[in-house]
Every structure is written in structure tokens, then in C-alpha cells.
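What follows is the residue order along each chain.
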Number of protein chains: 2
Amino acid sequence: MTALFYIVPAAAIVSLLFAWLFFRQMMKESEGTATMKEIARYVREGAMAYLRQQYKVVTVVFVILALFFAVLAYGFGVQNPWVPFAFLTGGFFSGLAGFIGMKTATFASARTANAVSRSLNSGLKIAFRSGAVMGLTVVGLGLLDISIWWIILNIFIDNPDASQKLVVVTTTMLTFGMGASTQALFARVGGGIYTKAADVGADIVGKVEQDIPEDDPRNPATIADNVGDNVGDVAGMGADLYESYCGSILATMALGASAFFGDYAMQTKAILAPMLIAAVGVVLSIAGIYAVRTKNGAGLQQLLKSLSTGTNLSAVLIAVITFGIFRLLGFGNWWQLSLSVLSGLLAGVIIGKVTEYYTSHSYRPTQKLAESAETGSATVIIGGVGLGMISTAIPVVTIAIAILLSYSFATGFSFSPDLLGQGLYGISIAAVGMLSTLGITLATDAYGPIADNAGGNAQMSELDPMVRQRTDVLDALGNTTAATGKGFAIGSAALTALALLASYIEEIKIGFGHMAEKGGELAVHYAELARAGIPQIVEHYNITLMNPVVLAGVFIGSMMAFLFCGLTMNAVGRAASKMVVEVRRQFREIAGILEGKKRPDYTNCVRISTKAAQHEMIFPSVLAIIVPVATGIILGPAGVIGVLAGGLGAGFVLAIFLANSGGAWDNAKKYVEEGHLGGKNSECHKATIVGDTVGDPFKDTSGPSLNILIKLMSMVSIVMAGLTVMLHC
Amino acid sequence: MTALFYIVPAAAIVSLLFAWLFFRQMMKESEGTATMKEIARYVREGAMAYLRQQYKVVTVVFVILALFFAVLAYGFGVQNPWVPFAFLTGGFFSGLAGFIGMKTATFASARTANAVSRSLNSGLKIAFRSGAVMGLTVVGLGLLDISIWWIILNIFIDNPDASQKLVVVTTTMLTFGMGASTQALFARVGGGIYTKAADVGADIVGKVEQDIPEDDPRNPATIADNVGDNVGDVAGMGADLYESYCGSILATMALGASAFFGDYAMQTKAILAPMLIAAVGVVLSIAGIYAVRTKNGAGLQQLLKSLSTGTNLSAVLIAVITFGIFRLLGFGNWWQLSLSVLSGLLAGVIIGKVTEYYTSHSYRPTQKLAESAETGSATVIIGGVGLGMISTAIPVVTIAIAILLSYSFATGFSFSPDLLGQGLYGISIAAVGMLSTLGITLATDAYGPIADNAGGNAQMSELDPMVRQRTDVLDALGNTTAATGKGFAIGSAALTALALLASYIEEIKIGFGHMAEKGGELAVHYAELARAGIPQIVEHYNITLMNPVVLAGVFIGSMMAFLFCGLTMNAVGRAASKMVVEVRRQFREIAGILEGKKRPDYTNCVRISTKAAQHEMIFPSVLAIIVPVATGIILGPAGVIGVLAGGLGAGFVLAIFLANSGGAWDNAKKYVEEGHLGGKNSECHKATIVGDTVGDPFKDTSGPSLNILIKLMSMVSIVMAGLTVMLHC
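Computed from a predicted model, the values in this text were never measured in an experiment.

Q: How should I be thinking about the relation of the copies chain A and chain B in this particular structure?
A: These two copies of the chain differ by a rotation about an axis and a displacement along the same axis. Each copy of the sequence occupies a distinct position, and chain A is placed on chain B by a rotation of 180° and an axial shift of 0.0 Å, giving an RMSD of 0.0 Å. Taken together, the rotation and translation relating the two chain copies correspond to the operation of a two-fold axis. Closest to the rotation axis within chain A is the C-alpha of A:Thr544, separated from it by 2.1 Å. The share of interface residues of chain A whose copies in chain B are also at the interface is 100%, consistent with both copies meeting through the same surface.

In C-alpha cells, the structure reads:
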């Protein structure tokens, strides 16, 4: 049975090999003219410079936290001694995934621009394969880290009770999830602030005030804007999804170990299942990537079809193979558990489709939004906020149904507290299913920014406008195909966060174990709680919705989602204002920029974004770590669960609202630019540009950071559970 | 002991008498010139016409719901037979309070304008006393309705168990709270859509496109705008606070009856306490209103001081007298319970101050927001959203602390489930304390729109600009003094909603009582549950945060807050667009309007707002009723509690965010208009106008409706608990 485990590291290595292969293939292509190379180099250097700065700050935070965990582990004995190390590797691998993805993207943009001038198809191939490098790196590194720790901890953790050992091993592994989440939050927030400061600043002065097009080389903030796409949309997204991917697998493993506590064989199966589904997903992703191929001279429809075929094929196959995996592992309820996974996958598809409906300008909502711009920027803002809020309804109801179904399938439609563990395992494994084909869905997501950057490169190198048009087509294509992937990402975040709530209770029990080991009068009582089920712990701390401590926590958790968004949004506003001032200054002071006679000072804008992002990312990110810790210390486990549930409820809905408002504003602008309602440079167009600019931090900074925030708060609580128990036992 | 009760109806009658007195005093004043009278008549007729239309629609909804309750009560026996009638009177009195307040306001505006032309002080007196008419009407009608039902139900409800009888009486009375909430939601949503459609429409064409000032008689939407202030800010607010006031008292009475179940004497005391605090609050409010008096020729500072003296005096006195009331009633923990009330009052004051800090342009946040308008409307929108989200932090933490303190004081700092009822009673009585001086705090709130309308009247009647300046001063004064009242309203809404969660559980128990009466195999079991404590019901339905049904509910509840806001926001957007089209049409087609040679067609704009409000208010309001009912039917009590907790967490924070963003945008505009950053008609001013326009539905439609939504969902659930139990027992 356990021999099956070796499929996991094997899949990890295969994944990384293919990533390497695609990277080599891409590098063989020509980067085009000298100007193209120069601009690509500018962007690459800017991006690398930023990432170095960011990693410096993050390293300091990691060292402090690791030391803190070491004190808890070695000083107070309320923490597993492996935690500091697991935490560090999670952060390291998450950062590495983002770094490799970004490095690839910055090499690929000029090459894509160059290839696109030959044909749309060649461009698609380079951009998509480069996106696949990131997709496969993320899943490869994720599975590698999981495999390594699984092997190490199984060897070194010493526990006479084999069943208990599995619980300790899997919950310890969750700490590397916290490392990944911490790094991901910094990457998303920092990258998000960087990219939107540059984007908003460039748009306000360039498009609105000076009427020059996007990515125009005369705009001093252009390079910063393109660097931003890489550090935010590529490196940030890479770290983000690394965190989601590992988080869902680790949470499921931990739940598997606890749900079947006492039955070693079942535990092993339940732990292996998520790893195996993920490993098979890697193989299917690679197959899917190869399925994306078109004949030379293929039209847009064929390209779209080809991309969809790749992602859909992988998703359908993983659904089918899941049945086989559970059957092979010998689960009695193999087909029911597979139905749990299936309901998760379906929910992801529905969320993706609804997102597309509300944000694509092929449908009425965004078209109506564009029409509301005819009465000015105020009505387009009100309309976009309204649209985004309304668009949360179906996704939330879908996820609620998916929660109930994936739980019910796993328990045979029983809501008895005795089967709680199995039910939560069903929810969690559904999230794993949704993310298992991340290798390919991330490729469809990551190639968008690459195409976008290729367009920027083409514009700045003053290539034939046809090249820019083609890269725009590729970018738009990416937005459509990325919908399913985004649906999976959003849905799985909610399900994983839910599973982490249960893992928190497990960690509380381990905390009681530590307390029992210390001896004392109550040692027997603590030992009992350490062996108790989730319902007993829930009763012990009165984690019901009638407990005022829980309710106070729900308020604080809901507030955290808003506070965090407000802080990141204001950070973008402040940084963008600085950028505007600088760009205006350059236009005013450096003669000949607007006439194209003199190059603007790109470096200064890059410096402003870098500094602002670095400076502004610290407070909101540290807050996300401190609040759950402080809640644990002051209010105890009941307060923590309240904070997590409140944060999850409000944060999840807020994230969808922000993403969809932003997306709809973006596409309403594009709709007008395509010639509707007066077309480019009409009053209506100006109003949609205001909408798009407001939407920038909504959809690319605050919104995506929220998904990480929710999980990071859970992860922090889990890691700090030992201390919380010590203070509230 | 029970003789003390008669203080309550006496206070109600005194309150209504003083309201009548102030109304007569106001009516004696002169309405000014013929033009002033004519304009006042236009506004009054428009407002009355709208209210008639609104009440027609609401009546239909009430009849349907009352019939539905009658079927449940008389057909299925899962509802108390008094419920349909109690429900109807709640709606009737709530509507009446709004109607009287609005009638008074529309009579007062021209009189205030006329008085202001004599002196600031005379204007303040008329406006403030007219506001007091509404304040005293709301509390008078509220206490009257409570007294009447208390007397009737005590006589007619037949229950051999005296203690059980009190539980049934108080929970039945909650249904009249549901009537009040339903009517309040329609009033707030309908009025909010009306006023903001007119306001936004008038501003976009008038201020932004044609550069004519606010309330200019040449603007066809001016009358509609002024009508809107009355139906939204006066009638809507009156119904809203009637609902809050009664809701807090009723919830506390119900909790008092259940917390001390089995001890008839203690129950009676606990039921009397909130009524007595409210009755004393009426007397203090009247005293406070008389304390607001200044010498003729008083300056702004003196007026401000005088207003603050009135409200502060009442608040301090109620805090002191509360100790006496609990002592007099013979509560063993009289001073601890009084500390619960005190912590609520303090929380209200803090929330008010924080709101003022974030939204007044005397402080940095709003000044900085105005500065961000220098880089255009996009940055001012981003900045306002960020500011609003950040501003939620302190109020939410404050309310969380107030929850824990008011609970802990009431239980002697024990969190044992056995004392849950007493603790929740502490939370609930704190809300009563916050609203007890509503008579005067509502007066400071309601006189703002009266002053505003007086300014509109002055402008349209082309009085000396000095008159308008003075009414603006009065309006601004009102915004400052209203802060404390708003803090109390927001804080008490959260505490009351929390208390209603517990009342829901009580109603579930009564539902089991109905089931037991029907007999059958499980009758004994049901009878047991009907006599159980809150913790047993919580356990029976597994209302813990680990139950997936509860968690699915939390998601849906959080979503409801956003969906509801999105729907109302879009309604405003749509209606405003229609208004813009009509105003543009009039300027284009009716020659001589802009030159002031011809009167525009005001009636058409009034008709557009009336129709839009009436049409658009139905769906979101009905949704607020249907979702908790459907949740109860499908998911049972665990799902309902999840929905209520999620809605409360997300809704409360969202409401603060929307109110503060809107307030800050409004004042950022005023800050620029005062001559900062380029002053009126600068680019910066235009950007702040966009901000203000976006903020209109935030702060006056969606935001204030949320507070009612939260409580209405709880009230609906409480009333429907019988059916829910029948389906999920």
C-alpha cells in the first residue's frame, strides 16, 4: 500500500522535468530586435530587483517567526520541534515557485512578441508553454516539499502509538503550509501594490491627462507597469497558488489522519488519497498541455477551442480517475467519496461560468455597466459596485451546496457529530480535486500576463500595430479560458479554509497532549482531551454560536477582511499618487518626452513602485499574523474559531465582489474601446477608464490577497494552538 | 411591583403630548412669502403622494404575510394565534411614526427658512423642536404599542404555568417587532432609492454638466430632491429607529422572561427593567430638549455647545438613573447590570467619536481624501473605499469588547453555559440603554434634513444668500451633534441582533411546545425540549461552528448582506439614470429653463422617483423575508443561526464601511468647497463631486438599510420558528 506513495515524488520530479523542458524550448526562440531585447532586459532587471528587495524583507519576517516558534518548541514545549524548519521550507519553496515563474515570464515576453509577428499560433505556443513552466513548477515543488517532509517526519517523529504518530506528522506538515501562506501573502500584497501603483499612475497621467495610449514608450511609468505585471500577476499568483495547492493537500492529509484515528490502515489510505489524486493530476496536466496544439494559421475560434480542450480534458479525466484511486486504495465508500470530489469540481465550473457571465462583455451585465457610463463616472462606479455585490449570490450558494454535498456524500448523508471527521474529509478532498489539475489551469492563467507583456514590449519597441492587436487577442483569450481555473481557485480556497477550521481543533488536541506530558494535577484530564473527538473539544470550549466570545470573534473576523482590504487599497492609492506626481514632473521638467525625442527616466518610476510596495506590504501582512495570535491569547480557542469563521464568511464574499467588480469595469472599458457607445476617446470611454482604474486595486491587489488572508489566519491559529491551549486549558 | 409598569404607558402619553405641543408651537410660525409657501406645498404634496403609494404596496405585503401567519396559527397550530395581529400593529405604528415625522418636517422647512432670516437661533429652535416632534413620536408610539400588547396578552393568553406564560407573552410581542422591521425596511429602501435617484440625477446634470448650484430652481429635479430628503431621511429614518427602539426593548423583555424561567418574580423584574429604563429615558429626553436653548444672537459655538449639552445631559443622567432602577427593582446584581448598560453607552460614544474622526473634514482622514482628489476621481474613489474599510476597525473592536463586558458584568464574569441567558440579557439591556434617550438623539438627527430642506426652500424662493448660508451652518451643526446618536443606533443594532439570536432559540422551544401539544409518539421528548435551556437546544441541533450546515449558513448570511446592498445600489443607479435622461431632455426641449425664464416640469421628475422607488424596493425587501424562511425550511435551525450570524458579522461591518465612505466623500467635497485645494469649480472639486455622488447610495440607501436587514432576518426567523421546528424536529 505505502509503496503507492512513491508515485508522488515521482510525479513531482516528472513535473519539474517537463517544466525544465518547456523552459529550454522557450529559450531557444529568438528575442527579436535589439530594442525588444533591451526593453525585455529593463523589465527583467526591474522585476528581479524588486523580488530581491521583497525577499529581503520577507526573510527578516521569516527569521523572526522561526525564532519565535523555536522558543515555543524548545523553551515552552508547546510546539513540535520540527515546526520552525517546516515553516521555513514552505516559505522557501513558495518563493522559489514565484521566482521561477517570473524569471520564465520575463524571458518569454519578447520571444512571444517576436513569434506573434510570424503568426498568432506561434505566439500562443510560446506564451502558453511558458505559462506551463510556472504551472508545473508550482505543482512539482509543492509535491516535492510534501514528499520530503512526509518521508523525514515518518522517520524521525517518535511515537509509540502508530495512529497518533500519523496525526502528529500530518499536523506538523501543516506548518509548512503556514510558511507558504506567509510568503504568498507578502508576494500578493507587495506585488499587487507594485503593479497597481504603476498601472494606476501610468493610466491617470498617460491615458486620462495626456491622451497617449497604454504602454507608450513616452510614458515614464511604462516599464514599471510591465515590471508590475510580472511581480504581481506572475510571481504573486505563483506563490498564491503554491499556497492553495499545498494547503488543500496538507489539510486533507491532516483531516484523514484525525477522521480515522485509531484505524492505522484507514488513516494511511486517507492520507495517501489526496497525494495520489494530486500526483495523477500532474500527469493529466502534462497530457492536457500537449493537447493544446493547433495547426499553423489557426483562427481565434480554433485557438480558443484548443485551450479549452486541454483544461476540460484534464478536469474530466481527474473526475473519472478519482473513482479508480479511491477504489484502488480500498475505501468502502469509494464512489461516494468520488462524488464529493465531483461536487467540488462541478462547483468550480459553475463559479467559473458565473464569473465569466458577470465580467465578460459578451454578456448583458458588463454591457449594461458600460451603458451606465453614458451618464458619467459616478454612475459607472455605482453600477460596478452593485454588479460585483450581486455577482456574489450564485457562487456563494454554489459553494454552500458543494460544502453540504461533499460532506454528505462522505458520511452517507448523516449529520451525526460522530461522523464529523469523515464529512470534513469529504469537503477537503473536494478542494484537492479542484486544484489537482493546477499544472494546466495555472498555465492558462499565467500566459495572460505573458501575452500582455509581449504586447507592452511590441508597443514600446514600436513594432507593427498588428503585433499588439494579436497579443491583445491572446490576452483576451486567456481571460476567457482562465475562468474555470479561477473558479477552482476561489472554490477550493473556501473549502480548504473550512477544512483548516477542523485542523485547528486537531491541533488543540495535540496542545492538550503537550500539557498532559508536563504532568501536574490535571494531567489525566488533559490526556483525556488529547484523545477526545472534535465534538468534545467543541463542547469543552463551548464553540457554539450562542457563546458571546465566539460572536465577538465573528465580528472581529469579518472586520479583519475589510480592514485588510482597506489598508491594501489605500496603499495602492498612496503609491499611485506618488507615481502620478513623478510622471507629471517628468513631462513638465524633461523637455521632448511627449514628442518622443527624449527617453523618459524609467528607473525612477521603478524605484517608486519598489519602495512603495516594500514599505506598504508590511503592516497589513503582519496584522494578518498578529490578530489570530492575539485573539488566541486573549479570547482562547472559541474566539479564534469565531474570528476564522467570520473572516471566512465575509472575506470569501468580499473577495468575489472585488474580483468581479474589477473584472467588469475592465471589460466595460474594453467594450467601449471596441467601438460601442461612442468608442475610444468619447466621454463614455473616459468614464469607463475611471471605472477600470478604481477596479485595478479591487481585482489585482485587495481581492486576490483576501483568499490568502483567510487561509493564513487559519494556518497561524493552527501553529499557535499550543500556546493558546497553554493559556486557556 | 407591577404597579411600576404604569409608568410606561404614562411616559408614552407624556411623550406624545409633548410632541403635539412642539408641533403646535412650530405651526404657529409664519411660512414666509407666497413663493416659499408654494414651494413648501410642492414638496409636501410630493412627499405625501409618495408615502401614499409606498403604504399601498406595503399594505399588500402585510396582508399577504398576515394571512400566511394566520394559516400557520389557525391551520397548522405552529404559531401563536395573536401573531397576525401583533405583526400588523407593529407595521402600522412604524408607518405612523414615519408619517407624522415627515408631515412635521414638510411643515417646518419653510418656517425654518423664514425664521433663519431673522436669526440663526430662531431657525435652530424651530428645526430642532420639529425634529423633537419626530423623536418623541417614535418613542411615544413605541412605548404605547408595547404597553398595549403587554396588557392585552397578559389578560388573554391562557397558560396555567405563570412563568411559561411570561415567555409566551414576550416572544409573541416580538412579532410586532417583525411588523415594525418589515415596514422599516420598505421605508428605508424605498425612501433611500427615491431620495438618491433624485439627488444623484439632479447633481449629475445640474452640478457637473450645467454648472448650476444645488437646489437651483432651474433644475427640474430640485423638487424631487427635496421631497426625497423628507421621504428618505425623515420618514425612512423614523420608521428605522422605531424598529430599533422597539426591537431592543422587546428582545430584552423576551430574554428576561427566558433567562429567569421558573422564577416568576425575577422574570417580572427582568421584563419591567427595559420598559422602565425606556420610560425614564423619555422624561430625560424631554428635559434634554428643553436644555437646548440659547440667548438671542448666539454664535455657532454656543449653538453647538447647547445642542451637545442636551444630548450629553440625557445620556449621563440615564447612566446614573439606571443604577437606581435596577436597585429599586431589587436585582441582586443591580450595579453589575448597570455596568452592562454603561459599557453599551460608552461603546456608543466611542463609535460616534470614531465615526466623526473618519468622516468630518476637521480631521486628517477626510482632508487626505480631499487631497487624493487632486489626482482625479479614480484616486478619490479608491481612497474613500479604503478609508471606509479601515474605519470599521475601531467600532467593531469596540462593539466586541462591549459584548464581552456587558455579558460578563451580568454573569459575574462567568462564561458557563448555565448563565448564558443572564449574560445575553446583559448584552440586550445595554442596547436598551443606548436607545433610551432616542427622543432627543433622534431630534438632533432629524433636524438636519429639516435645515437642509429649509435651505432648499430659501434657494428656490431666491431669498437672500445669507439665509442659505445659515441653513448650511445648521445642517453642518446637525452632522456633528448627530454623531453620538448614530453611534448609539449602530451599536445597539449589533447588540439587539445578537439578543435576537437567543430569542430565536427561545422561539424554537415554544415550537417544540406546539409539537408536544399535538401528541404522538415523540410528544414527551418534544415537551422535554420545550422546557430545556438554550445549551440543550444548541446541542440538539448541533449549532457549533464545526457543523457544515451552520458554516453553509454563515456563507449565505454574509452573501445576503452584499446581495442586498448590490440590489439597492443598482436600483439607485438605474433610477438616477432615468432622472438624468429626463433632466437632460427638459433642458434640451423646454426653451428658457436655463435662463430662468420658464419653470421646468418638476412633477415629471417627482413621478420618476416615485415610480422607481416603488418598483425597485420590492425585490430586495421580499428577498430579506424569503431567504431566512427558505433557510429554515431547507436547512433547519442550525442553518438559520448560521445565516443570522454570517449576516450579522458581514452586514454590520459592511454597514459601517458604506456609511463612513459616503460620509467622508460628502465632507471631502464640502472641504474643497470651503476653499481648500482650489475651491469650488476646480478640477479637484469635480473629482470630489464624483466621490460624493458615489457615496450617496452608500450612506443613504444601502448602508442604513443593512441595519434593518440584519434585524428583520432575525425577526422573520423568530416568527417562522414554529414551522421550522415542525419540519426539523
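Q: Would you mind showing me how to read helix 19 (residues 602-616) of chain B here?
A: In an α-helix, one turn spans 3.6 residues; hence positions three or four apart end up facing the same way. All names here are of chain B. In this model, helix 19 (15 residues) spans 21 Å end to end at C-alpha, consistent with the 21 Å of a helix rising 1.5 Å per residue. Of all 15 residues that make up helix 19, 11 are buried, and the element is covered over most of its length. Buried within helix 19 we find Tyr602, Asn604, Cys605, Val606, Ile608, Ser609, Thr610, Ala612, Ala613, Gln614 and Glu616. Contacts made by the buried residues of helix 19 are with helix 2 (34-75), helix 5 (162-209), helix 6 (222-259), helix 18 (548-589) and helix 20 (618-673).

Q: What is the right way to read the confidence of the model for chain A from this model?
A: Where the model shows low pLDDT, its predicted coordinates should not be examined in detail. Averaged over all residues, the pLDDT of chain A equals 92, while 100% of them reach at least 70. ipTM for the predicted complex: 0.95, alongside a pTM of 0.96.

Q: Is there a simple way to explain the pattern of salt bridges in this structure?
A: Pairs may arise between side chains of opposite charge once their charged atoms sit close together. Residue and element names in this part refer to chain A. For the structure shown, the criterion picks out 54 salt bridges over all chains. In this structure, Lys207 and Glu214 form a salt bridge, with 2.9 Å as the shortest nitrogen-oxygen distance. Its relative accessible area of 11% is what places Lys207 among the buried residues. Overall, the relative accessible area of 27% leaves Glu214 in the partly exposed class. Notably, a salt bridge pairs Asp700 with Lys699, separated by 3.2 Å at the nearest N-O pair.

Q: Could you clarify how one ought to interpret the interface of chain A and chain B in this entry?
A: You'll often see interface size given as the accessible area lost when the parts meet. Every contact between the two is made by 77 residues of chain A and, on the other side, 77 residues of chain B. Summing the contributions of chain A and of chain B, the shared interface buries around 6300 Å²; its carbon and sulfur component is 85%. Here chain A is connected to chain B by zero salt bridges. Our count for the contact surface shared by chain A and chain B stands at four residue pairs in polar contact (both at pLDDT 80 or more).

Q: Honestly, the packing of helix 5 (residues 162-209) of chain A against helix 15 (residues 465-517) of chain A in this entry has me stumped. Any pointers?
A: Relative orientation and spacing of two packed helices are given, respectively, by the angle between their axes and the distance between those axes. All names here are of chain A. Their axes nearest at 11 Å, the elements helix 5 and helix 15 cross at an angle of 120°. By the angle between their axes, helix 5 is oblique relative to helix 15. In the crossing of helix 5 with helix 15, the sense of the turn from one axis to the other is left-handed. Facing Val167, Val168, Thr171 and Leu174 of helix 5, the residues of helix 15 in contact are Leu500, Ser503, Glu506, Glu507 and Ile510.

How each quantity is defined
Residues numbered from 1 in each chain as written. Chains lettered and ligands numbered in written order. Predicted model: local features only at pLDDT ≥ 70, side-chain atom pairs only at ≥ 80, totals over all residues. Heavy atoms only, no water. Least-squares fit on C-alpha atoms with pLDDT ≥ 70 in both. Contact = heavy atoms within 4.5 Å. Helix = DSSP H or I, 4+ residues; strand = E, 2+ residues; numbered from the N terminus. Expected span 1.5 Å × (residues − 1). Buried < 20%, exposed > 50% of the residue type's maximum accessible area, 1.4 Å probe, protein only. pLDDT = per-residue confidence, 0-100. Salt bridge = Lys/Arg side-chain N within 4 Å of Asp/Glu carboxyl O. Buried area = accessible area lost by both parts, 1.4 Å probe. Polar contact = N/O pair within 3.5 Å; in protein donor to acceptor, adjacent residues only side chain to side chain. Axes fitted to C-alpha atoms, helices over the stretch in contact; angles between N-to-C directions. Parallel < 35°, antiparallel > 145°, perpendicular 65-115°, else oblique. Left-handed = near helix turned anticlockwise from the far one by under 90°.

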